[in-house]
Amino acid sequence: MLSKKKLSFTSSFANNRLDFSLTGEINLYTLVSFEKELESKLRNGSELSLNLDDITSIDSASAIYINKLEQTFVEKQLAFSLTCKNEQVLNTLKTVHVMHLDLEEFGYKQPSFLEKLGEDAILRMKKFVEFLSFFGQISYGFFYLFKHLRSLRYKEIFFEINENAIKAFGIVALTSFLVGVVMAYQSSVQLKIYGANIFIVDMLGISIFRELAPLLTAIVIAGRSGSSFTAQIGAMKITEELDAMRTMGFDPIAFLVIPRIIALMLMMPLLIFVSDVTGLLGGMLVANLDLGISTSLFLDRLNEVVAAKHFFVGIAKGPFFAFLIASIGIFRGLLVKDDTQSIGINTTKSVVESIFAVIVCDAVFSIIFTNVGI
Amino acid sequence: MKKIIDVKDLYTQFGANVVHAGLNFHINEGEIYGILGPSGCGKSTVLREMVMLQELSGGSIEIFGQDVTNISYDDAQELRKNWGVLFQGGALFSSLTLYENIALSLQEYTELDKNLISEIVAYKIDIVGLKPKDAYLYPSQISGGMKKKAALARALSLDPKLLFLDEPTSGLDPISAREFDKLILKLRDLLGLTVVMVSHDLKSIYDTLDRAAIIDNKIIVAQGKLDDIISMDNPFIQTFFKADI
């Protein structure tokens, strides 16, 4: 059995000298009590005689402490004596030597605010340049693959389509349905006041087709696929799989990056379509129950007032959003460094940045569309 | 001699695959004991079972007289403070510097003040042969050999009496590997350690081990002093030890 031997002390003070003897085992855990006891007994300027005859064992931490104690006494030019019969304890005391670790010695300085700011700015600029170069690599990869269509990784593309789009249909549909319900329900209260119940169709039709469905889908996909791209590729980088691929002549851009981007770009419009349909279904349900607009009336009105262009504008945004989400997710994955925290940080950043990029892109689209009059 | 580890009728099974069918061996205080055998014979599994990372299918393992197959949470925690484990890849915490890696258990388990902890860490860094300035590097910034040394320093942070090494020299260049062997021998003498080691490295086996057990085909085919084992007539032993090095 492991027994926790206690450490006990006896001490006497005479002729400005403290006689301190210890009995038991002195180790990491009992050391603190020894330290405290000694401090309480020791008077300023007194000499010390340490008796370790009854010590059964000592570990390196305690040996360091005792050596340090000796040093401080020597520095103060006070007498320090140590008696010990136990060979092993003496040996340990001899082999251990006091070492110092000084933070400042290694130039470990806290950077000033300006330093930090500058460093941060340069870092961000570098990241942006890196992203541009990554963008260049992707573009080159695309051109290369269009020239050599045979080397396109069809198997990977279909695998990614299944993973990132087919399996996402459920959650996209459910989210959109619920948003459709909430939108209709909230606006029905206002519309009822003016007796403008029928306008629910105009409102839902245009907002869902043009903005809500594409954005909602993009957000769900960014959370789902963007994060998984970062984590997958980041883990592959840590385990050196990416390097292995490169040395074997499997270009990660062609094998990992392009299939994911193509898969998302192909499927995003379809996902937005699902979102359109289920969002309207949710709205239709509330309109029917709350505003007394029958399904056929809803659909007739939709056909009448919502031009097809709204639908196509929404769908057309899909590939752009998909490109942003996939490329940012993968880029962040490639930025992962050789430690586990880096995966977490980059995954968070990939989701936040891709959602942000999608919203900026959406804003740009709305300016363009307004100016061209679509 | 005092038995530190006593393995009795150890039986391990993964699904339908029997890995160990009744292993019996013991490890004495102060010796460097090797668990050897061909790949896939379950050497690392035995090690994992000893440090309570893996459940046994049958039998028992006693460490410091404590049965690890039937142990309370508190006793297990206490036992864990009495050994150090060096994993094959080092398994340093990548978000902490080497200093923080080594100081972690000291900060968690003892009430020592910061200065003393930093001196203890400095000492550990020194005895494993690292430089003081390495202390503030992150694991991703150092080489494989340094990682092993740092991981060893971490394993030694609480001054354990028992040290488990999983393939300590794998992934090291021959010079670093020999240095590591010397380091293990030095530490055994310096700190009075008992060392249990799984290894493939013949040179390291010859240089460091006192006794060994050879696992082949689910059972221990040989155990005892290395010289006695080498002369045994077993196909694995013959190919393993007679290989040119």
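Analysis parameters
- Residues numbered from 1 in each chain as written.
- Chains lettered and ligands numbered in written order.
- Predicted model: local features only at pLDDT ≥ 70, side-chain atom pairs only at ≥ 80, totals over all residues.
- Heavy atoms only, no water.
- Phe/Tyr/Trp six-rings, centres within 6.5 Å; stacked < 30°, edge-to-face > 60°.
- Helix = DSSP H or I, 4+ residues; strand = E, 2+ residues; numbered from the N terminus.
- Buried < 20%, exposed > 50% of the residue type's maximum accessible area, 1.4 Å probe, protein only.
- Lys NZ or Arg CZ within 6 Å of the ring centre and 35° of its normal.
- Domains from an automatic or database assignment.
- Contact = heavy atoms within 4.5 Å.
- Buried area = accessible area lost by both parts, 1.4 Å probe.
- Salt bridge = Lys/Arg side-chain N within 4 Å of Asp/Glu carboxyl O.
- Polar contact = N/O pair within 3.5 Å; in protein donor to acceptor, adjacent residues only side chain to side chain.
- Pairing = 2+ DSSP bridges.
- Axes fitted to C-alpha atoms, helices over the stretch in contact; angles between N-to-C directions.
- Nonpolar A, V, L, I, M, F, W, Y, C, P; charged D, E, K, R; others polar.
- Core = buried A, V, L, I, M, F, W, Y, C linked by side-chain atoms within 4.5 Å.
- Parallel < 35°, antiparallel > 145°, perpendicular 65-115°, else oblique.
- Left-handed = near helix turned anticlockwise from the far one by under 90°.

(A) Representation of the packing of aromatic side chains. In total, this model carries 20 aromatic pairs over all chains according to the counting rule given. Plain terms: the ring middles of phenylalanine 9 of chain A and phenylalanine 34 of chain A are 6.4 Å apart, the flat faces sit at 25° to each other, and that makes the pair stacked. Residue phenylalanine 9 of chain A is found in strand β1 (residues 7-14), and its partner phenylalanine 34 of chain A is found in helix α1 (residues 31-41); the two are separated by 25 residues along the sequence. Consider the rings of phenylalanine 25 of chain B and tyrosine 33 of chain B, whose centres lie 5.7 Å apart with planes at 5°: the pair is stacked. Residue phenylalanine 25 of chain B is classed as buried on the basis of its relative accessible area, which comes to 4%. Of the aromatic side chains, those joined through ring pairs into one cluster are Phe9, Phe20, Phe34 and Tyr65 of chain A. Here the basic side chain of arginine 301 of chain A rests over the ring of phenylalanine 199 of chain A, its NZ or CZ set 5.2 Å away from the ring centre. When the ring centre of phenylalanine 93 of chain B is taken as reference, the NZ or CZ atom of arginine 154 of chain B above it lies at 4.6 Å.

(B) View of the domain arrangement of chain B. All names here are of chain B. As far as domains go, chain B holds domain 1 (3-82 + 160-242) and domain 2 (92-159). On a C-alpha basis, the centres of domain 1 and domain 2 stand 25 Å from each other. Taken together, the 20 residues of domain 1 in the interface contact 13 residues of domain 2. If you sort the residues of domain 1 by the area they bury against domain 2, Lys81, Pro160 and Phe180 come out on top, with a joint share of 37%. At the boundary of domain 1 and domain 2, one finds one salt bridge. Residue glutamate 179 pairs with lysine 149 through a salt bridge whose shortest N-O separation is 3.5 Å. If you look at where domain 1 meets domain 2, you find four residue pairs in polar contact (both at pLDDT 80 or more). Mapped by element, the contributors of at least two residues to the side of domain 1 that touches domain 2 are β7 (162-166) and α6 (174-191).

(C) Quick look at the sheet that holds strand β2 (residues 17-26) of chain A. Residue and element names in this part refer to chain A. Within the open sheet, the four strands sit side by side as β1-β2-β3-β4. Their pairing is mixed. In this open sheet, the two edge strands, each paired with only one partner strand, are β1 and β4 (80-83). The mean inter-strand angle of the sheet, taken between neighbouring strand axes irrespective of direction, is 15°. As paired elements, strand β3 (residues 47-58) and β4 share four bridges and run parallel to each other. Each bridged residue has a counterpart across the sheet, and for asparagine 51 the counterpart in β4 is threonine 83. Along the sheet, α1 contacts β1, β2 and β3; its crossing angle with β2, the most-contacted strand, is approximately 170°.

(D) Seen up close, the interface of chain A and chain B. Taken together, the 28 residues of chain A in the interface contact 35 residues of chain B. Roughly 2,900 Å² of surface becomes buried between chain A and chain B when both sides are summed, with 65% attributable to carbon and sulfur atoms. Lysine 68 of chain A is the partner of glutamate 119 of chain B in a salt bridge, and the nearest nitrogen-oxygen pair spans 3.1 Å. At the level of secondary structure, the elements contributing two or more residues to the side of chain A that touches chain B comprise α1, α2 (60-75) and α12 (340-372) of chain A. When its residues are assigned to classes, the side of chain A that touches chain B shows 16 nonpolar, six polar and six charged.

(E) Highlighting the nonpolar core. By size, the foremost hydrophobic cluster in this structure holds 81 residues, and its most contacted members are Leu22, Phe34, Leu48 and Leu50 of chain A together with Leu152 and Phe241 of chain B. Residue contacts for leucine 152 of chain B: discarding those within four places in its chain leaves Leu86, Val128, Leu163, Leu165, Phe180, Leu183, Ile184 and Leu187 of chain B. Core analysis: the next-biggest nonpolar cluster, separate from the first, contains 67 residues, Ile253, Leu256, Val257 and Ile262 of chain A among them.

(F) Representation of the packing of helix α3 (residues 98-109) of chain B against helix α4 (residues 114-127) of chain B within the structure. Residue and element names in this part refer to chain B. Where α3 meets α4, the axes come as close as 10 Å, and the angle between the chain directions of the two elements is 125°. Taken as axis vectors, α3 and α4 run oblique relative to one another. Every pair of crossing elements has a handedness; the one defined by α3 and α4 is right-handed. Here Tyr99, Ile102, Ala103, Leu106 and Gln107 of α3 lie close against α4, whose contacting residues are Lys114, Ile117, Ser118, Ile120, Val121, Lys124 and Ile125. Residues of the contact of α3 with α4, tallied by class, amount to eight nonpolar, two polar and two charged.

(G) Inspection of the domain arrangement of chain A at higher detail. Each domain of chain A was delimited in the assignment, giving domain 1 (7-95) and domain 2 (152-372). On a C-alpha basis, the centroid separation for the pair domain 1 of chain A and domain 2 of chain A is 70 Å.

(H) Structural view of the pattern of salt bridges. Overall, the coordinates contain 24 salt bridges over all chains when judged by the stated rule. Two residues, aspartate 120 of chain A and arginine 124 of chain A, come together in a salt bridge whose shortest N-O distance is 3.3 Å. You can see aspartate 120 of chain A and its partner arginine 124 of chain A sitting in helix α4 (residues 113-147), four residues apart, about one turn around the helix. Overall, the relative accessible area of 37% leaves aspartate 120 of chain A in the partly exposed class. In this structure, aspartate 210 of chain B engages arginine 188 of chain B in a salt bridge whose closest nitrogen and oxygen atoms are separated by 2.8 Å. Here aspartate 210 of chain B, found in the loop between α7 (202-208) and β9 (211-216), pairs with arginine 188 of chain B, found in helix α6; they are 22 residues apart in sequence, far enough to count as distant.

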